Amino acid sequence: MCGNCSRNIDGVTVNPNMPLGHMDMDTWRRIIDNATGIEEIIFNGAYGDPLMNPNLIHALQYAKKLKCKVMIHTNGGIGKPNMYRMLAQELNEFPEGSMVTFSIDGLKDTNHLYRRHVVWDNLMENVKAFIKSGGLARWRMLVFKHNAHQVEECEKLAYDMDFEVFDINGGYTFTAMDSIVSEAVENFKATKKEQARTIKYDKKHLDNTDRLKDLMEEGFDKGCINCKWKRKQKIQISHTGEVFPCCYLLSDRYSKHADSPYGQECNSITWPNVNEYSLQEIVEGNTLSQPSENRFKICEVTCGEV
């Protein structure tokens, strides 16, 4: 269990507030049958890895009629190579650009420090099976202090293995931006800006804890909230069918801690469910705009601009 994942507490125990389960095919069919104008479906696994869902291949087959791109995020350590061969074959029937993003945070000696219990050799076999079967793959690396020195080596390995893309992600969401991490990110950005996905932040607040403390107490009172997901016309749907304006709010839906102000704000809203309303009704309603209009703390942290 990854240390920062919403489905567990400190990478040790399962979050007791989270309902266990997978999205069932009835819920999935309601989404697909009521979807119009969809350009891309992203399986981002806010509370788990999409490869854990036993219905994934069936879900992909059912979604083909939308003729939209598909992106799947996984740590790559789940399942056997044959699953990844099947996945590649299914994605090859979707529009160009459909791919799997493998979240690999370092090399054999470091990846498991955040991607808990992912066995490196199994991961590499799964990746090779996917790529050799014609699958389009991206390597996305979270940069931490313990793997910052491996960015260049990871990039080389990625392209040697025929990954289509190698990019990195760094920011306060995952780790304090200390000098080691910051230097690694900036060096990568110097020549590959478009491949360095970093969160914009006020450089006065490089330390994660202090920055969040300041935001919790004061917020961006003189700034504005520029919702990234609204700008990209994206929504997030949970495994239970609830619809959210973004993944950040879903991550707070089943907060690990009862006194979390993020969780309290999130659960002050009754989120619409695709099992009760059509997607069109939900998107055209006013519920999804309430968090940013009411300046929820998570909106200030992730999409606040100063």
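Residues numbered from 1 in each chain as written. Predicted model: local features only at pLDDT ≥ 70, side-chain atom pairs only at ≥ 80, totals over all residues. Heavy atoms only, no water.

Caption draft 1: Main features of the overall build of the protein chain. Secondary structure summary: the protein chain contains 14 helices and 12 strands in total. The contacts of the protein chain with a sequence gap of at least 6 include a subset with a gap of at least 24, amounting to 71%. When the accessible surface of the protein chain is split by element, carbon and sulfur atoms take 48% of a total near 15,900 Å². (Helix = DSSP H or I, 4+ residues; strand = E, 2+ residues; numbered from the N terminus. Contact = heavy atoms within 4.5 Å. Areas by Shrake-Rupley, 256 points an atom, 1.4 Å probe, with all protein chains shown as cover.)

Caption draft 2: Local environment of the packing of helix 1 (residues 25-33) against helix 2 (residues 56-63). The interhelical angle for the contact between helix 1 and helix 2, taken along N-to-C directions, is 20°, at an axis separation of 10 Å. It follows from the interaxial angle that helix 1 and helix 2 lie roughly parallel. For the pair helix 1 and helix 2, the crossing hand works out as right-handed. Contacts from Met25, Trp28, Arg29, Ile32 and Asp33 of helix 1 reach helix 2 at His58, Ala59, Tyr62 and Ala63. Looking at the contact of helix 1 with helix 2 residue by residue, the class counts come to six nonpolar, one polar and two charged. (Axes fitted to C-alpha atoms, helices over the stretch in contact; angles between N-to-C directions. Parallel < 35°, antiparallel > 145°, perpendicular 65-115°, else oblique. Left-handed = near helix turned anticlockwise from the far one by under 90°. Nonpolar A, V, L, I, M, F, W, Y, C, P; charged D, E, K, R; others polar.)

Caption draft 3: Representation of the packing of aromatic side chains within the structure. As enumerated under the stated definition, the model contains eight aromatic pairs in all. Taking 6.0 Å as the distance between ring centres and 85° as the angle between the ring planes, the aromatic pair formed by phenylalanine 102 and phenylalanine 163 counts as edge-to-face. Here phenylalanine 163 lies in the loop between helix 6 (151-160) and strand 7 (165-170) and phenylalanine 102 lies in strand 5 (residues 99-103), a separation of 61 residues in the sequence. An aromatic cluster is present here, built from Tyr84, Phe102, Phe130, Trp139, Phe163 and Phe166 joined pairwise through their rings. One Lys or Arg, lysine 234, reaches over the ring of tryptophan 229 and ends 4.4 Å from the middle of that ring. (Phe/Tyr/Trp six-rings, centres within 6.5 Å; stacked < 30°, edge-to-face > 60°. Lys NZ or Arg CZ within 6 Å of the ring centre and 35° of its normal.)

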